[in-house]
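Below are the chains, spelled out letter by letter.
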Amino acid sequence: MAATVRRQRPRRLACWALMAVLLADLLALSDTLAVMSVDLGSESMKVAIVKPGVPMEIVLNKESRRKTPVTVTLKENERFFGDSAASMAIKNPKATLRYFQHLLGKQEGNPHVALYRARFPEHELGFDPQRQTVHFQISPQLQFSPEEVLGMVLNYSRSLAEDFAEQPIKDAVITVPAFFNQAERRAVLQAARMAGLKVLQLINDNTATALSYGVFRRKDINTTAQNVMFYDMGSGSTVCTIVTYQTVKTKEAGMQPQLQIRGVGFDRTLGGLEMELRLREHLARLFNRQRKGQGAKDVRENPRAMAKLLREANRLKTVLSANADHMAQIEGLMDDVDFKAKVTRAEFEELCADLFERVPGPVQQALQSAEMNLDEVEQVILVGGATRVPKVQEVLLKAVGKEELGKNINADEAAAMGAVYQAAALSKAFKVKPFVVRDAVIYPILVEFTREVEEEPGVRSLKHNKRVLFSRMGPYPQRKVITFNRYNHDFNFHINYGDLGFLGPEDLRVFGSQNLTTVKLKGVGESFKKYPDYESKGIKAHFNLDESGVLSLIRVESVFETLVEDSPEEESTLTKLGNTISSLFGGGTTPDTKENGTDTVQKPSEKKEAGSEAAPPAPEEEKKQKPARKQRMVEEIGVELVVLDLPDLPEDELAHSVQKLQDLTSRDLEKQEREKAANSLEAFIFETQDKLYQPEYQEVSTEEQREEISGKLGAASAWLEDEGFGATTVMLKEKLTELRKLCHGLFFRVEERKKWPERLAALDNLLNHSSMFLKGARLIPEMEQIFTEVEMTTLEKVINETWAWKNATMAEQAKLPATEKPVLLSKDIEAKMMALDREVQYLLNKAKFTKPRPRPKDKNATRAEPPLNASASDQAEKVIPPPGQTEDAKPISEPEKETGSEQADTEPLELEGPGAEPEQKEQPTGQKRTLKNDEL
């Protein structure tokens, strides 16, 4: 038995270890059970979550809307987000920031910075000389970079998701435009770090849309490739994507659906915002024309008026998509002058004629990058809010040559749903059906380096080399290794973008620097000195283009190889060690085990004759050395990176930005807490003043008590009006606590009187039922009685004590005036009911689980009837033999149980009660016992 325990102990330890690992995993996942996605558009954002019990749900904001404006209002002492900030754009346009994503990853000289200044002249953009970027100068004390503003928005989106999910959330997938380059993607990641979010992936919004489309049509995807075009025109830009859907065989899960991005085309400035700006300019001209000759200022010089016009232009664009004309009207546009003008759809289309001519451009770019023609595209699907403009659909339909455009997808929420599906797939807390996503590289990346070559004897020259690292439209994520073979000293190489000829001149200027990084290697020469006798296999640089499309240099290493031979002495020692270990476990050394152990270490010669394996090895063969093997040595090389496109924020500045945003969030929370305390105090004052005039409160209070409470309430109200604005949260809470303490007695008396009727009725009902139960219990005959006298006496005592307490307390309460503290309390009534109910339930449970006693047996009867409550097994023991079979025939017995030798095969039948038969003696094993009629 001890040996068995020893054998089982490792299994038990392994089970406990496995349980500990699983528990640790569960604890690690407990904080990340919910994940979120943020579809970050130019004008608005959509937030979605996944949590246990809530699969892929769009988050509602505080106004119960499914999309939230990407707008922030920054003041000295408060911030506003979403719809609240959008409404503040009219009152304080300078402090209200919109469309700031267009400045991410842009240096001061970028054309998009100049375009932003022209579109929104009310914003003052400062200059950061260290990074050559811009920031918003709200006031001399307030300035924020575009990354910090985006961090505020991401933090706000997380608060919406956490309120909706009712739990903390840290993991997120964020959508970005497919045309974002390395600098822009890194800027988004920095903003997410400022917000305290763990980014699982930056997913391209076109890829997220394609994933959402495929997930909900999984059954329609098969081995036949299906090409679908998604045309996404949003507020700020337009992206056209060609996606191929088909099932592929994977190593992990067999045949699974896959989407592959085949072609992408885009226009960075073609979108709904540009249409609205054209409309705003048209309305401004109409308003100036109406006021011409009155010496009025140009409406364009008034930021508030221009903010009103932009909001009206947004509304006009939406209405004209469904109507031929509409009346634009703004009350008090400027200088208390109302504006009203009729705008037709034809006028709108004429204003945006050049924009509509650019609609087919992204389609042609996508086809060229995919190397396809329109006949290979099965369907064109519209995505984005600006595709609702009829002229856009008309021009696009003509460009693609299809019968109709697909509208079978939620144009506003598809990207958010696809991104949250990807978030669930990347999170460890969820298990989703696999869907393979193969995204594509938009901008090719290559490595450039220069080295000396000797073209002629004695003539050396520099040769410039380029090696493509990630090709255009190649899949990612993936890793690549570049090997530099002819270097034995420190050198530099450059990481740049490849051929960007597919971009136009204007797009190239917006793109920014085409040089990414200069890599300076240190320690190459030292590595060669460290391994002088080794052959160099080159300097290997390992690159990674991760799921977010961000390039990183993982490491650089110098690799060397040489041939080494194992000495016979070492081989003999290993052989002896192997034989020794074999003898320990095998109980001795036999010729077979010695031969096997030798073969394990030594490999037989290829020229060995057939049949020689069975013979013991000769001493000369034992000493034969192994074939030479390669030994590989790797030396890490120091790396210094010089970022050329846009320097990242230094760690100290990033930490400062993180702290700045945390301080603003804490200030907002404190402000909300103070407003909540002030509202609670104000509500309590008004509600209590109203209650003092209600009959139920006047009944339990004297005139003096009401006057005292009313006086304190009036003083608190005056204090709140005069000094409440400067009061802290603690002061407001203390004032509320003081008033509640003053009114506690009054409220308590009213609440008690409200509870009396219901509580007393319930007590009377329980007393009556308990008395009836006790009376019935005492009427049970003595032979069938299941309750003891002590139990019934105890119940009777509790009933009598409860009746006495109730009568005495109610008599005492009747003598007290209503203005005094009552002696009849609802909590005491509930306590008495619980005590009485406990006694009754005890007896009821006993009656429920107690088995009735068997009836006494009648000696004069020839055959005893089984009791009504006899179990099936009891009746089965008494068998009446069928006709034609003798009574002493032995019935088929059950399989024997393993028992001790002294235990009998049959247990004797015991009878209880008067007239019971004496105990039958045990029958010897193997003998038959005749069953008599009175034993059946």
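Keep in mind it's a predicted model, so treat the numbers as computed, not measured.

Participant: I keep staring at the overall build of the chain and nothing clicks. Help me out?
Facilitator: Assigned secondary structure in the chain consists of 25 helices and 29 strands. Taking the contacts inside the chain whose residues are at least 6 apart along the sequence as the reference set, 70% of them involve residues at least 24 apart. Summed over its atoms, the accessible surface of the chain is roughly 53600 Å², and 51% of this surface lies on carbon and sulfur atoms.

Participant: Even after reading the chapter, I still don't get the sheet that holds strand S9 (residues 133-137), so can you show me in this structure?
Facilitator: What holds strands together in a sheet is hydrogen bonding between their backbones, with the strands either parallel or antiparallel. As summarised here, the arrangement of the three strands in space is S8-S9-S10, forming an open sheet in which the pairing is antiparallel. Only two strands of the sheet have a single partner each, and these edge strands are strand S8 (125-128) and strand S10 (143-144).

Participant: Is there a simple way to think about unusual backbone geometry in this case?
Facilitator: Put simply, Tyr476 and Pro477 share a cis peptide bond, and its omega is 10 degrees. In this fold, Pro477 is placed in the loop between strand S22 (475-476) and strand S23 (478-484). For Met56, which is not glycine, the phi torsion reads 50 degrees and is therefore positive. Tracing the chain through its elements places Met56 in strand S3 (residues 54-58). You can call Met56 buried: its relative accessible area is 19%.

Participant: Looking at this model, I keep getting lost on the environment of Thr269. Mind explaining?
Facilitator: Examined against the element boundaries, Thr269 turns out to sit in the loop between strand S15 (254-267) and helix H7 (272-290). By relative accessible area, Thr269 is classed as partly exposed at 23%. The spacing of Thr269 and Ser235 is 34 residues in sequence and 8.9 Å in space, taken between C-alpha atoms.

Participant: Help me understand the sheet that holds strand S14 (residues 238-250) in this model?
Facilitator: Taken together, the six strands give an open sheet; going across it, the order is S18-S13-S14-S15-S19-S22, and neighbouring strands pair in mixed fashion. Strands at the two margins of the open sheet, each flanked by one partner only, are strand S18 (379-383) and S22. With 13 bridges connecting them, S14 and S15 associate as antiparallel partners. Across the sheet, the residue bridging to Tyr245 is Leu259, located in S15. The strands that helix H6 (residues 205-215) touches are strand S13 (226-233), S14, S15, S18 and strand S19 (436-440); relative to S14, the one it contacts most, it runs at about 50 degrees.

Participant: In this structure, what is going on with the side chain of Asp39? I would like to understand it.
Facilitator: Turning to its location among the elements, Asp39 is positioned in strand S1 (residues 35-40). Among the residues examined, Asp39 registers a relative accessible area of 9% and is labelled buried. For Asp39, the side chain forms a polar contact with the side chain of Thr175, separated by 2.9 Å. Once residues lying within four places of it in the same chain are set aside, the contact partners of Asp39 are Ser44, Met45, Lys46, Thr175, Asp412, Ala415 and Ala416.

Participant: Help me understand the packing of H7 against helix H8 (residues 303-320), please; the structure alone is not making it clear to me.
Facilitator: To describe two helices that pack against each other, one gives the angle between their axes and the distance between the axes. Where H7 contacts H8, the two axes come as close as 8 Å, and the packing angle between them is 120 degrees. Of the possible angle classes, the one that applies to H7 and H8 is oblique. Between H7 and H8 lies a crossing whose hand is right-handed. Here Gly272, Met275, Glu276, Leu277, Leu279, Arg280, Leu283 and Ala284 of H7 lie close against H8, whose contacting residues are Met306, Leu309, Leu310, Glu312, Ala313, Asn314, Leu316 and Lys317. A breakdown of the residues in the contact of H7 with H8 according to their chemical character gives ten nonpolar, two polar and four charged.

Participant: Please explain the packing of aromatic side chains as it appears in this structure.
Facilitator: To describe a pair of aromatic rings, you give the distance between the ring centres and the angle between the ring planes. Following the criterion strictly, the structure yields 28 aromatic pairs and no others. For the pair Phe81 and Tyr156, a centre-to-centre distance of 4.9 Å together with 10 degrees between the ring planes defines the contact as stacked. Highlighted residues: Phe81 in strand S6 (residues 79-81) and Tyr156 in helix H4 (residues 146-165), separated in sequence by 75 residues. Accessibility assignment for this pair places Phe81 and Tyr156 in one class, buried. Put simply, the rings of Phe449, Phe484, Tyr487, Phe491, Phe493 and Phe543 pair up and form one aromatic cluster. Sitting above the plane of the Phe747 ring, Lys691 keeps its charged end 4.8 Å from the centroid. The aromatic ring of Trp719 is capped on one face by Lys735, whose charged end is 4.9 Å from the ring centroid.

Participant: Just to check I follow, could you spell out the pattern of salt bridges for this structure?
Facilitator: Here the idea is simple: oppositely charged side chains can pair when their charged atoms come close. Summed over the entire model, instances satisfying the criterion amount to 43 salt bridges. Between Glu147 and Arg131 there is a salt bridge, with its nearest N and O atoms 3.8 Å apart. On the criterion of sequence distance, the pair formed by Glu147 in helix H4 and Arg131 in the loop between S8 and S9 is long-range, its members being 16 residues apart. Taken as a pair, Glu147 and Arg131 share a single burial class, namely buried. Put simply, Arg759 and Glu758 hold a salt bridge, and the shortest N to O gap is 3.9 Å.

Participant: Where do I start with the nonpolar core in this structure?
Facilitator: As a rule of thumb, nonpolar side chains are buried together in soluble globular proteins. Counting residues in hydrophobic clusters, the biggest one holds 129 residues, and the most contacted among them are Phe230, Tyr245, Phe484, Phe493 and Phe543. Membership of the second largest hydrophobic core comes to 46 residues, among which are Met233, Ile330, Leu355 and Val359.

Participant: In this structure, what is going on with the side chain of Arg131? I would like to understand it.
Facilitator: Among the residues examined, Arg131 registers a relative accessible area of 5% and is labelled buried. Within the structure, Arg131 has its side chain in polar contact with the backbone oxygen of Pro647 (distance 2.9 Å). Residues contacting Arg131, with those up to four places away along its chain left out, are Gln107, Glu147, Gln190, Leu646, Pro647, Asp648 and Leu649.

Participant: Honestly, the packing of helix H19 (residues 651-691) against helix H21 (residues 703-723) in this entry has me stumped. Any pointers?
Facilitator: The geometry of H19 relative to H21 is characterised by a closest axis approach of 10 Å and an angle of 145 degrees between their N-to-C directions. Where H19 crosses over H21, the handedness of that crossing is left-handed. Where H19 abuts H21, its residues Ala678, Leu681, Glu682, Phe684, Ile685, Thr688 and Gln689 lie against Ile709, Leu713, Gly714, Ala716, Ser717, Trp719 and Leu720. When the residues that make up the contact of H19 with H21 are grouped by side-chain class, the tally is nine nonpolar, four polar and one charged.

Participant: Explain the environment of Glu789 to me, please; I cannot follow it from the model alone.
Facilitator: Relative to the elements of secondary structure, Glu789 occurs in helix H23 (residues 789-815). Glu789 sits eleven residues away from Arg778 along the chain, and the two C-alpha atoms are 9.0 Å apart. At 3.4 Å, the side chain of Glu789 and the side chain of Arg778 are in polar contact.

Participant: Just checking my understanding: could you explain a negative patch on the surface for this structure?
Facilitator: Taken together, the side chains of Glu682, Glu721, Asp722 and Glu723 define an acidic patch exposed on the protein surface. At three residues, H21 tops the list of elements feeding residues into the negative patch. Inspection of the secondary structure assignment puts Glu723 in helix H21.

Participant: I keep staring at H7 and nothing clicks. Help me out?
Facilitator: Helical periodicity: at 3.6 residues per turn, an α-helix aligns residues three or four positions apart in one direction. In this model, H7 (19 residues) spans 27 Å end to end at C-alpha, consistent with the 27 Å of a helix rising 1.5 Å per residue. Most of H7 sits inside the fold, with 14 of its 19 residues counted as buried.

Participant: How should I be thinking about H19 in this particular structure?
Facilitator: The first and last C-alpha atoms of H19 sit 59 Å apart over 41 residues, in line with the 60 Å expected at 1.5 Å per residue. Where H19 is buried, its residues touch S6, S10, H4, helix H5 (182-194), H21 and helix H22 (729-778).

Participant: Would you mind going over the confidence of the model for the chain with me for this structure?
Facilitator: Atom-level detail of predicted coordinates should not be read off regions where pLDDT is low. Of all residues in the chain, 80% attain a pLDDT of 70 or more, and the chain-wide mean is 83. Confidence over residues 1-13 falls short of pLDDT 50; this stretch has zero contacts with residues more than four positions distant or in other chains. Every residue in residues 21-31 is under pLDDT 50, and counting partners more than four places away or in other chains gives three contacts.

Participant: Help me understand the environment of Leu374 in this model?
Facilitator: Here Leu374 shows up in the loop between helix H11 (361-370) and S18. Each C-alpha atom of the pair Leu374 and Val363 lies 9.4 Å from the other, and the pair is eleven residues apart in sequence. Non-local contacts of Leu374, meaning those with residues more than four positions away in its chain, are made with Met229, Val363, Leu367, Ala399, Val400 and Lys402.

Calculation rules
- Numbers given for residues are sequential positions, taken from 1 along each chain in its written order.
- Only residues with pLDDT of at least 70 get local features here, since the model is predicted, and only at 80 or more are side-chain atom pairs given and counted; chain-wide, interface and lining totals rely on the full set of residues.
- Side-chain metrics in this entry use all non-hydrogen atoms of the structure; hydrogen atoms and water are not considered.
- Counting from the N terminus, the helices are the DSSP runs of H or I reaching at least four residues and the strands are the DSSP runs of E reaching at least two.
- When checking whether two residues touch, look at their non-hydrogen atoms; a contact exists if any pair is within 4.5 Å.
- Here the open area of atoms and residues is found with the Shrake-Rupley method and a 1.4 Å probe, where only the protein chains shown may cover a residue.
- Note on pairing: two strands pair once DSSP finds at least 2 bridges between them.
- Here the term buried applies to any residue with accessible area under 20% of the maximum for its type, exposed to any over 50%, and partly exposed to those in between, with areas from a 1.4 Å probe on protein chains only.
- Here an axis means a line fitted to C-alpha atoms, over the contact stretch when the element is a helix, while the angle between two N-to-C directions is reported on a 0 to 180 degree scale.
- Distance and chemistry together define a polar contact, namely a pair of N or O atoms within 3.5 Å, with one atom able to donate a hydrogen and the other to accept it when in protein, and with adjacent residues in sequence counting only for side-chain atoms on both sides.
- The scheme is simple: roughly parallel for angles under 35 degrees, roughly antiparallel for over 145, roughly perpendicular for 65 to 115, oblique for anything else.
- By definition, any crossing whose near helix is turned counterclockwise from its far helix by less than a right angle is left-handed, and any crossing with a clockwise turn is right-handed.
- Note on residue categories: nonpolar means Ala, Val, Leu, Ile, Met, Phe, Trp, Tyr, Cys or Pro, charged means Asp, Glu, Lys or Arg, and polar means any other residue, Gly included.
- Pairing of aromatic rings covers Phe, Tyr and the six-membered ring of Trp, with a centre-to-centre limit of 6.5 Å; geometry is then stacked below 30 degrees between planes, edge-to-face above 60, and tilted otherwise.
- By definition here, charges over rings are those cases where NZ of Lys or CZ of Arg is within 6 Å of the ring centre and within 35 degrees of the ring normal.
- What counts as a salt bridge is simple: a side-chain nitrogen of Lys or Arg found within 4 Å of a carboxyl oxygen of Asp or Glu.
- Side-chain atoms within 4.5 Å are what join buried Ala, Val, Leu, Ile, Met, Phe, Trp, Tyr and Cys residues into a set we call a nonpolar core.
- Patches in this entry comprise residues that are over 30% relatively accessible and not in a salt bridge; like charges within 9 Å are linked, as are nonpolar side chains (Val, Leu, Ile, Met, Phe, Trp, Tyr) within 5 Å.
- The charge count treats Lys and Arg as positive and Asp and Glu as negative. His and the chain ends do not count.
- All charge positions are set by atom: Lys at NZ, Arg at CZ, Asp at CG, Glu at CD.
- Multiplying 1.5 Å by the helix residue count minus one yields the expected span of that helix.
- pLDDT is a residue-level measure of predictor confidence that goes from 0 to 100.

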